[in-house]
Every structure is written in structure tokens, then in C-alpha cells.
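Geometric and topological summary
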Amino acid sequence: MNETKMTVDFGYAFATPHRLTVALPNSSDKTLLDVHPGWLRMAWTYDNLLDKPLAAFVAPRTNWEVHIKPELNGRPFRKSRWTRAEGWLPALETVYEDSAVTLRLEAVGGATAAILRVDIANAGKKARRVGLRCEKPSYSVGYNPAWVQPQLPDDVLLAGWVERADRIILMAVGGDAKPVIAPNTVYLAWKLAPGERAPASRCTSVCPAG
């Protein structure tokens, strides 16, 4: 009779998503980053743990979240990996790879926002279409103004009717184009020739205080 040797390890403790935070050094204002295979969730709150009873197990309420989803020719990248910047800094580096195309996101924390720097390179022999989908889950909270009226800005997500009319959830800078594809989404698009590298862009998650 064959007996299978059973072992116990802690692999289950490191299942995705992996949660990291980005912030200025020594700052208590942090943006939560949940890294999933193929995409990134950014979230933040206006809550404060100092307002909670001492030692109470009370999690702050998530006020806002944005899903960042890189795409190659309209599909998710096949491989992704992530690490802290330089191995220890309070910043995130995540790399998405597929068909000789690399998209790198670098996330850092600012005083009132978390900033994503986008860097793309096509080392293959064919032209590729690369996209970065920045979406607020739920159509009822958060919208792209250009979806409502084409003449309005297409590079921001506003909070909508449950918040101040000028509350910016996300602002995007860069990209060869910003096609309006959904009411709750800002989409950055690039077309890269073989060997071409896209200039650095920024997809900024803005979370002003108050």
C-alpha cells in the first residue's frame, strides 16, 4: 500500500491578493494596494483609527476604490509580478508581460493622492495595442463626464451624485488616445511599433482630504 507523505506549510497564507500601502515617509495617510494576478486595486478611506476605541477590531470603511487593469490587444497580460521599490521603499513596482511586451506600473504616495507611473515597451516584431483600464466598480458611484456629454473631459472619474460634484476619484495623463468605453471607466490606449517604447505616463488616483 502506497502512503502519501503529508506536509504542512504556510503557502496558503500568501495567496493573492497581496496588500501593500504607499505613502510619503512617516505619513499616516496611506493608499491601499491589493495586487491581484493581472490587475491592481487601489482603495482609500477618510476614516481614522484614532477615532475608534482602543484595541477594538474595527476596520475603516472603504470610501473609494479603483481597479487598474492592463490589457494587451484587448486581453489581460499573461504574466505579472510585483515587489517593493528597491526591495523596501514604501512604493510599489508591478510588471505585466506578454508577447515581448512589458507594462510597468510604479505607485508612490503623495500628500493627497497616489500616483501611478506607466512605462511600456514592445520588444517584439509586431505592432501591439496596449491599454490601461481604470475603472470604478459600480456605475452608480463614479462616472466619466465624457460618457454623459462628449464635449466634457474624458480623462477623469468624478464621484457622482453621492458626493461633491467636483470630487475627483481619478485623473489620467498621457496615452495616445482615451476612448470612452464605459460610464465608470477612463481608458488609456497606446499603439506600439516593433521596438518602440511609450513615453512615461501617469494614471493618478486622487483622494483629497475633507
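All values reported here derive from a predicted model rather than from experimental measurement.

Each helix and strand counted, the chain has one helix and 14 strands in total. Counting only residues that meet the buried cut, the chain has 40% of its 210 residues in that class. Long-range pairs, those at least 24 residues apart, make up 55% of the contacts in the chain between residues at least 6 apart in sequence.

What follows is about the packing of aromatic side chains. In this structure the tally under the stated criterion is one aromatic pair. Between Lys69 and the ring centre of Trp39, over which it is positioned, the NZ or CZ distance is 5.4 Å.

Quick look at the pairing of strand E13 (residues 185-192) now. Within E13, seven of the eight residues are buried, which leaves the element mostly enclosed by the surrounding structure. Where strand E10 (residues 128-135) meets E13, eight bridges bridge the pair, whose relative direction is antiparallel. Within E13, the position partnered with Val130 by the bridge is Trp190.

Structurally, Thr185 is set in strand E13. Here the side chain of Thr185 touches Asn184 through a polar contact of 3.2 Å, side chain to side chain. Excluding residues within four positions of it along the chain, Thr185 makes contact with Arg133, Cys134, Glu135, Asn144 and Leu157.

Looking now at the nonpolar core. Among the nonpolar cores identified, the biggest contains 37 residues, and Leu40, Ile68, Ile120, Leu132, Leu170 and Trp190 are the most heavily contacted of them. For Ile68, the contacting residues outside a window of four places in its chain are Trp39, Leu40, Met42, Leu105, Leu116, Leu132, Arg133, Cys134, Leu170 and Cys203.

Attention now goes to the confidence of the model for the chain. Model confidence for the chain is summarised by a mean pLDDT of 87, while 91% of its residues fall at 70 or above. Per-residue pLDDT, averaged within each element of the chain, yields its smallest value for strand E14 (residues 197-206) (77) and its largest for strand E5 (residues 75-76) (96).

Note on placement: Leu105 falls in strand E8 (residues 101-109). Given the relative accessible area of 0%, Leu105 is considered buried. It is 5.8 Å that separates the C-alpha atoms of Leu105 and Glu93, two residues lying 12 residues apart in sequence.

The full count for this structure, using the stated rule, is 11 salt bridges. Linking Arg41 and Glu65 is a salt bridge whose minimum nitrogen-to-oxygen distance equals 2.9 Å. Placement of the pair is Arg41 in strand E3 (residues 39-44) and Glu65 in strand E4 (residues 64-72), with a sequence separation of 24 residues. For the residue pair Arg41 and Glu65, the accessibility class agrees, reading buried in each case. Among the charged side chains, a salt-bridge network with shared partners connects Arg19, Asp34, Arg41 and Glu65.

Scoring rules and cut-offs
Residues numbered from 1 in each chain as written. Predicted model: local features only at pLDDT ≥ 70, side-chain atom pairs only at ≥ 80, totals over all residues. Heavy atoms only, no water. Helix = DSSP H or I, 4+ residues; strand = E, 2+ residues; numbered from the N terminus. Buried < 20%, exposed > 50% of the residue type's maximum accessible area, 1.4 Å probe, protein only. Contact = heavy atoms within 4.5 Å. Phe/Tyr/Trp six-rings, centres within 6.5 Å; stacked < 30°, edge-to-face > 60°. Lys NZ or Arg CZ within 6 Å of the ring centre and 35° of its normal. Pairing = 2+ DSSP bridges. Polar contact = N/O pair within 3.5 Å; in protein donor to acceptor, adjacent residues only side chain to side chain. Core = buried A, V, L, I, M, F, W, Y, C linked by side-chain atoms within 4.5 Å. pLDDT = per-residue confidence, 0-100. Salt bridge = Lys/Arg side-chain N within 4 Å of Asp/Glu carboxyl O.

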